[in-house]
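As a plain string of letters, each chain reads:
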Amino acid sequence: MPIKINLWKKRKSVIFTWLISYSAVFIIPILMSLILYRESSNTLRSEIHRANNTMLQQVRETIDTQVEMMQRLSMELTWNTRVQSLIYTRMSSSDEQYTAYQVAKEFQMYQTSYANVDQFYVTWEAENTVLLPSSTRDYQAGFETIHDTGVISYADWLKLVKMNRSTIFTVLPRKDSAYSKQSLALITRLPAGSGSRPTGSVVVMADVERFNKAIAKVQSFSGGYVYVLDEAHKVLLSNTSTGLPPSVLDQLGRSESGVIYTKTSDEQSEIYYLNSEVSKLTYISVIPSKVYWQKAVYVRNVMYISVAISLIGAAILTLFFMRRNYSPIQRLVKVLAGAEAVQGSQQEGNELSFIHRAVSDTLSEKEAIRVQLQQQHNMLRSNMLARLLKGRLDGPIPLQESLNSHQIELLSEDFAVLLFFMEAPEEVNISISSIGPYEKSRLAQFILTNVVEELVGMRGHRGYVAEVDDMLACIVNFSSEEEEGRLQQLVSISVEAQQFLLERYRMKLTLSISRAHSTIPGIAAAYQEAMDAMEYKLVLGKQKIIAYEQLRKEPMTGYYYPLQIEQRLMNFIKIGDLAHAREVLDEVVDRNYGNSSMTSVTLVRCLMFDLISTMMKTIHELGEVDESFLAKHPNWMETMASSDTVKEMVEQLNRLLEDVCAYTGAKLDVSISKGRAESLRELINKVNVYVETHYQDMDLNVGMLGDQFQLKASYLSKLYKEQTGEGLLDYINRVRVEQAKALLGFTVQPIVDIGKLVGFNEAATFIRVFKKFEGITPGKFRELRG
C-alpha cells in the first residue's frame, strides 16, 4: 500500500530532512549554470575590452605619429642655426632683416619636408615679429593673418606664445585652413639666453581633421566617444561635446593604461585610457556598457533554460526516491515504540532522532549505573581508608571483607603514612577552561592520587590515598622483603611527587612522613605522627618535606627573649631607629629559629606574640595611641594569627616594625621641631628688643648683635631672615627711620643732628636710607608734614 506524504504535517520528520537534502543537489546545476554564465560574460567582456583597447591603440599610434612629426619639426626649428643667431645674437638692423629673410626662406624648405604639418611659425619677442615660411610679420599682423577668426583674442594669443612653460598642446583657430577652422598646436618655448634678452616660441599646427579621422573609427566600431587630454587633463580633441566626470579625471595617471567603470550621461560606461608614448597626452574612449550586455543576453537565456530543465528533473526524482525510502524507516519506528509512540514521534521530532534517542537512552542509563557504582565504590573505599587512619576499626562489615571488596591486597603488616597539604590550590594549572573551582579541586586530588600511588608501586610497595581533613593521606604498605632504608624510600617518593606536580601542574605541596608501624592498628599511630610532623610547617616553612623521625633526632631549644633584649628593642623603637631595631629582631629570630635550632610550635607562637606585645607597649608609652597609630592598624593580631609559617610571621613583624619606627620617628621629629621653633622665636624677640633699645648706638650692626648673642653674624642674619622674612640690617635701619620720622615731625632740629640722634654717623647715609624706606628725602618729608 503506497504511503501518503503530507509534507507540512511531517515538517519535523525525516522525510522533510530528505527533501531538504535532495534539494541541495539542485545547487549543482544552478552553480554550474552560474559559473558558465560568469565565464561566458567574462569572455565577452575581455574580448570587448581587447577590441576597444586595440582601437584606442590605433588612435594613439595615428595621433602619436602626427604629434611626433610636430615635435621633430619644433625641435629642428628651435635648433636652427639662423634662428639661434637671430634670437640670441645682437645684430645691426640690416643684419637682423637679412637673417630674418634667410630664416623665412629656410622655413619654405621645412614646409615642403613636413607635408602633414599645416602651419608653423616662430615668434621673435625682441622685435615683436612672427617668422613665417617666406615672410615675416609683426605680432598684430601675424595674429590677424593666422588666428583671427573670432574664437581667440589677440591678448590670449600673446599669453600663449609668451608662456613660462617649456611645452604645451592646445587648440588654436586657423584662419587659412581649407578643412577645419581648428588646429592642434604644439607651442615650444625657446630656452632663455645668457642675458635678459627675451627669446620667443615655436608654434607648430596640424588641422583637427587629420585627428578626427582616426577618432571616427572608434565611434563607428563601438559607438563610443574618444577624448584626447593634455598634461593637465584638459580636453583637446573629442568627438562629443559631453565632458568627462571629475571622478574619472582623478583616477587618471595612476598607471600607463587601464579601465574605469563609472556612470556618464545617466548610463553605465566603461572607460579605457592610454598614455601617449611620445608626449604627455592621454587617450580615452568611453564605451556604454549596454553594448556588452546586449551580447550577453543570449548566454543568460541559455542559462535560464538549462536551470529550469535541471530543476524539473531533480524534483521528479526527489519525490520518487522519498516515497520509496520512507517505508523502511516508518516500519522500524513502529517496531521500537509501537503505533502510538510513532504518531507522537512524527509530531514531536525526526524519526531517526527518535531511533537514536531510544538507543542512546538505553546506553546512557547503563553508563550512568556504572559510573554511580564506581563513584560509590570510590567513596566507600575512601571512607574505609579514613577509618583506618583514625583508628576506627570496628564497623558493620569485617575489616578483611572490606579490604577484599575494595581490591586492597596487603603485602605485609608494616605501614607508614604520607600526608600531603596543597598550598594555594587556586594556582594549580589544569588546562581545562570549562570546569569550575570545585571540579578543578577534585581533578587535582585525582591527579595527585594517581601520581603518588604509581610512585609507591614503582618501589615494590602498595599505596592507597584517601582524603582526610582537607588533606590527602597515603597509606604505604611495605613489601615483606624490604625492611631497611624505608625512610629514604619514602623521602624519595615525596621528592619525586613534589617536583613532578610542581613542574607539570604548578601544584605546591607540603609533605610529612611518619615512621613505619606494624599491624593495621599501627596505621592510626602513623597518621598521628604525620599530623604532628605537619604542624612543624609553622617552623620549617611551606613546600617542605618533614619527616617525624628527623624531628625526634633534632634537639629542641629553649625560649630566648630576655628582658634586656626586650628593653633594647623598645629603646630603638622609641627613637625610630629602624636599622638597630631590625638587628635586635633578627638576633632574636636567629637564636630561636636558626639553622641548628628546633623549637616547638607552642613556643614559636608565644615568641611571636611577645614580640608584638613589645611593640604595642612601646607605642603605649609614647601616648596618643587611640587617636593615632593603633586606631589605623586594628588587625595586627589577626594577621599574625593567620600566618602559616615562621617566615610569614617574621615578614609581618618586619612590616609592623617599619610602621612603628616610622610613627615614633615622626613623633620625635615633631617634638624636636617644636622645641627648636620656640627657641628661635625667643631669640628673635630678644634681638628685636635689643635693637629697639640701642638704635641710637652708632656701632649697632649685625656683627655687634652676633657678639651680643654669642652667634656668628652670618648665621644670626640667616636665622632672622628665615623667621621674619626681613634682613637684620634692614630691620635696624627701619627702626632708626621710624624714630627719625617722629623727630622730623615734632622738632626743628637740623637733619644732620636728627640722623646722629637715631644712630647714623653721616648725614649722607641717613638721607640715602631714609629715601630707600620712604621714597623721599628727610627734608621733603619735613615739608610735607609741616
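Everything below is about the structure printed above this text.
Rules behind the numbers
- Residues numbered from 1 in each chain as written.
- Predicted model: local features only at pLDDT ≥ 70, side-chain atom pairs only at ≥ 80, totals over all residues.
- Heavy atoms only, no water.
- Core = buried A, V, L, I, M, F, W, Y, C linked by side-chain atoms within 4.5 Å.
- Buried < 20%, exposed > 50% of the residue type's maximum accessible area, 1.4 Å probe, protein only.
- Helix = DSSP H or I, 4+ residues; strand = E, 2+ residues; numbered from the N terminus.
- Contact = heavy atoms within 4.5 Å.
- Pairing = 2+ DSSP bridges.
- Phe/Tyr/Trp six-rings, centres within 6.5 Å; stacked < 30°, edge-to-face > 60°.
- Axes fitted to C-alpha atoms, helices over the stretch in contact; angles between N-to-C directions.
- Salt bridge = Lys/Arg side-chain N within 4 Å of Asp/Glu carboxyl O.

Caption draft 1: Looking closely at the nonpolar core. Counting residues in hydrophobic clusters, the biggest one holds 41 residues, and the most contacted among them are Leu77 and Phe107. Among the elements that line this core, the one with the most residues is helix α2 (residues 27–78), at nine residues. Once residues lying within four places of it in the same chain are set aside, the contact partners of Leu77 are Val83, Phe107, Tyr110, Phe120, Val122, Val202 and Val204. In terms of nonpolar packing, the next biggest core, distinct from the first, is built from 35 residues, Tyr561, Val584, Val650 and Leu656 among them.

Caption draft 2: Local environment of the pairing of strand β1 (residues 119–124). Buried residues dominate β1, accounting for six of its six residues. Of the two faces of β1, the one holding Gln119, Tyr121 and Thr123 and the one holding Phe120, Val122 and Trp124 are both buried throughout. Relative to strand β6 (residues 200–207), β1 runs antiparallel, the two being bridged by six bridges. In the strand pairing of β6, Val122 is matched with Val202. Across three bridges, β1 lies against strand β2 (residues 129–132) in antiparallel orientation. Along β2, the bridge assignment pairs Trp124 with Thr129. Turn length for the β1-β2 hairpin, with the two strands adjacent in sequence and antiparallel, is four residues, and the turn residue Asn128 shows positive phi of about 50 degrees.

Caption draft 3: Highlighting the packing of aromatic side chains. Summed over the entire model, instances satisfying the criterion amount to 13 aromatic pairs. Between Phe500 and Tyr505, the aromatic rings sit 6.5 Å apart at their centres with planes inclined by 80 degrees, giving edge-to-face as the arrangement. Taking relative accessible area as the criterion, Phe500 reaches 35% and is therefore assigned partly exposed. The exposure class of Tyr505 is buried, given its relative accessible area of 18%.

Caption draft 4: Highlighting the sheet that holds strand β3 (residues 135–138). Pairing within the open sheet is antiparallel, and its six strands lie in the order β3-β2-β1-β6-β5-β4. The two strands at the open ends of the sheet, each matched to only one other strand, are β3 and β4 (167–173). The average angle at which neighbouring strand axes cross in this sheet is 25 degrees, direction not considered. Strands in contact with helix α5 (residues 139–146) are β1, β2, β3, β4 and β6; relative to β3, the strand with the most contacts, it is inclined by about 110 degrees.

Caption draft 5: Summary view of the pattern of salt bridges. Under the criterion given, the structure shown has 16 salt bridges. We note a salt bridge from Glu277 to Arg60, for which the minimum N-O separation is 3.1 Å. Of the two residues, Glu277 sits in the loop between β10 (267–275) and β11 (282–288) while Arg60 sits in helix α2, which places them 217 residues apart along the sequence. Under the relative-accessibility criterion, Arg60 is labelled buried at 12%. Residue Glu231 is joined to Lys280 by a salt bridge in which the shortest nitrogen-to-oxygen separation is 3.5 Å. On the criterion of sequence distance, the pair formed by Glu231 in the loop between β7 (225–229) and β8 (235–238) and Lys280 in the loop between β10 and β11 is long-range, its members being 49 residues apart. Residue Glu231 is classed as partly exposed on the basis of its relative accessible area of 44%. Linked through salt bridges whose partners overlap, the residues forming this network are Arg165, Glu231 and Lys280.

Caption draft 6: Structural context of the side chain of Glu529. Relative to the helices and strands, Glu529 resides in helix α14 (residues 522–535). Those residues in contact with Glu529 that sit more than four places away from it in its chain are Ser514, Arg515, His517 and Tyr548.

Caption draft 7: Just unusual backbone geometry, in detail. For Thr519, which is not a glycine, the phi torsion comes out positive at approximately 70 degrees. Locating Thr519 in the fold gives a position in the loop between β16 (517–518) and α14.

Note that all results are geometric; they support no functional claim without further evidence.
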